[in-house]
Amino acid sequence: MSHLSWQKSSFSDADGADNCLEVASGTGGLRHLRESDDPGIVITTDAAKLRALVLGVKAGEFDHLI
C-alpha cells in the first residue's frame, strides 16, 4: 500500500487533531480508506460502494450508531 497516493480533506486538520480519513485510488477502480492515526489498517472497496457509503453518511443513515 506504500505505492498509493493518499489524500485527505482540507477540513481534517481544522481542529488541530490528527483524526481524519484518507482515501487513495488503486488499480482496477478500487478505493482504499485508512485513518491517519493508524495507517497500517486499510479498508478496500470499489467506487460505487464508497459512493453509497458517503451518500448514506450525508443523509444521516448512520446517526443512530453514534
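Residues numbered from 1 in each chain as written. Predicted model: local features only at pLDDT ≥ 70, side-chain atom pairs only at ≥ 80, totals over all residues. Heavy atoms only, no water.

A. Broad picture of the overall build of the chain. In terms of helices and strands, the chain carries one helix and four strands. Across the chain, helices and strands are ordered from the amino to the carboxyl terminus as β-β-β-β-α. A buried classification covers 20% of the 66 residues belonging to the chain. Looking at the chain alone, contacts between residues at least 24 apart form 13% of all its contacts between residues at least 6 apart. Total accessible area on the chain stands at roughly 5,000 Å², and carbon and sulfur atoms take up 56% of it. (Helix = DSSP H or I, 4+ residues; strand = E, 2+ residues; numbered from the N terminus. Buried < 20%, exposed > 50% of the residue type's maximum accessible area, 1.4 Å probe, protein only. Contact = heavy atoms within 4.5 Å. Areas by Shrake-Rupley, 256 points an atom, 1.4 Å probe, with all protein chains shown as cover.)

B. Geometry of the pattern of salt bridges. The tally for this structure, following the rule as stated, stands at two salt bridges. Linking Glu22 and Arg34 is a salt bridge whose minimum nitrogen-to-oxygen distance equals 2.5 Å. Of this pair, Glu22 sits in strand E2 (residues 21-25) while Arg34 is found in strand E3 (residues 30-35), placing the two residues twelve residues apart along the sequence. Of the residues examined, Arg34 reaches a relative accessible area of 17% and is grouped as buried. Lys49 is the salt-bridge partner of Asp46, the closest N and O atoms lying 4.0 Å from each other. Taking the relative accessible area as the measure of exposure, Asp46 reaches 28% and is therefore partly exposed. (Salt bridge = Lys/Arg side-chain N within 4 Å of Asp/Glu carboxyl O.)

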